[in-house]
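The primary structure of each chain is shown beneath.
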Amino acid sequence: VNGFDAFQKIVRADGPKGLYRGFGISILTYAPSNAVWWASYSVAQRMVWGGIGCYVCKKDEESGNNNSTAIKPDSKTIMAVQGVSAAIAGSVSALITMPLDTIKTRLQVLDGEDSSNSSNNGKRGPSIGQTVRNLVREGGWTACYRGLGPRCASMSMSATTMITTYEFLKRLSAKNHDGFCSKS
């Protein structure tokens, strides 16, 4: 019915330990997902900046060379590039780590019906290996990519929101800090 109802049912069925079903595999999913996201974000930014032809050359700015052909983009352009890059990185991360996420989700939502399976040696629910075998048996290796579209959309939207908010607050903080320092 709601989150509290789910909490009660899980604790009643499995005890407090049930609240942590899939915790280990979650860590094994989120760590690579974040690593792939940050690497992809960096590459995506370079690709997007290269695609629109804007290069900010700090070396020329630091040396005081005014003959630079570099274009200094405005803050709206910078935020747009960061948002697009975050969305691209979210999709790349989703694609690469989708099998791990599918396995994690399967392990977290298993009900007691699977615990009667004799190949589980009396354990509650199947192991990671058994889950992978079940997925492959059900639909081949492509079964590990079920729900890829919604996961790409979700990860892209959350990453775009996260990075644009972070970068906006970072710029705002730097402006406030600069203003504070110049008054003292």
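Rules used in this analysis
Residues numbered from 1 in each chain as written. Predicted model: local features only at pLDDT ≥ 70, side-chain atom pairs only at ≥ 80, totals over all residues. Heavy atoms only, no water. Helix = DSSP H or I, 4+ residues; strand = E, 2+ residues; numbered from the N terminus. Buried < 20%, exposed > 50% of the residue type's maximum accessible area, 1.4 Å probe, protein only. Contact = heavy atoms within 4.5 Å. Areas by Shrake-Rupley, 256 points an atom, 1.4 Å probe, with all protein chains shown as cover. Salt bridge = Lys/Arg side-chain N within 4 Å of Asp/Glu carboxyl O. Core = buried A, V, L, I, M, F, W, Y, C linked by side-chain atoms within 4.5 Å. Patch = residues over 30% accessible without salt bridge, like charges linked within 9 Å, V, L, I, M, F, W, Y side chains within 5 Å. Phe/Tyr/Trp six-rings, centres within 6.5 Å; stacked < 30°, edge-to-face > 60°.

Q: An account of the overall build of the protein chain is needed here, citing residue identities and associated values.
A: The helix and strand inventory of the protein chain stands at 6 helices and 0 strands. Counting every position in the protein chain, which comprises 184 residues, the buried fraction comes to 30%. In the protein chain, of all internal contacts separated by at least 6 residues, the share reaching a separation of at least 24 is 75%. Of the accessible surface of the protein chain, which amounts to about 12000 Å², a share of 62% is contributed by carbon and sulfur atoms.

Q: Can you explain the pattern of salt bridges? Please cite residues and give values.
A: For the structure on display, the rule yields 6 salt bridges. The salt bridge involving D101 is made with K104; its shortest N-O contact spans 3.4 Å. Within this pair, D101 and its partner K104 are both found in helix α4 (residues 75-109), separated by 3 residues, close to a single helical turn. We classify D101 as buried; its relative accessible area is 13%.

Q: Tell me about the environment of S75, and name the residues and values.
A: Along the chain, S75 falls in helix α4. With 96 residues separating them along the chain, S75 and R171 place their C-alpha atoms 9.2 Å apart.

Q: So what's going on with the nonpolar core? Which residues, and what values?
A: Counting residues in hydrophobic clusters, the biggest one holds 7 residues: I25, I103, L107, V132, L135, A143 and C144. Mapped by element, the contributors of at least two residues to this core are α4 and α5 (128-139). Once you skip the residues sitting within four places of it in the chain, A143 turns out to touch T102 and L135. W37, Y41, A89 and I163 belong to the second largest nonpolar core, which has 6 residues in total.

Q: If you had to explain a nonpolar patch on the surface to someone new, which residues and values would you point to?
A: On the surface, F4, F7, I10, L19, Y20, F23 and I27 cluster together into a nonpolar patch covering about 730 Å² of accessible area. With 3 residues, the single largest contributor to the nonpolar patch is helix α1 (residues 3-14). Relative to the assigned elements, Y20 resides in the loop between α1 and α2 (23-52).

Q: Outline the packing of aromatic side chains, supporting the account with residue identities and numerical values.
A: Within the structure shown, the criterion is met by 5 aromatic pairs. For the pair F4 and F7, a centre-to-centre distance of 6.4 Å together with 20 degrees between the ring planes defines the contact as stacked. Pair noted here: F4 and F7 are both in helix α1, with a separation of 3 residues, about one helical turn. Judged by its relative accessible area of 55%, F4 is exposed.

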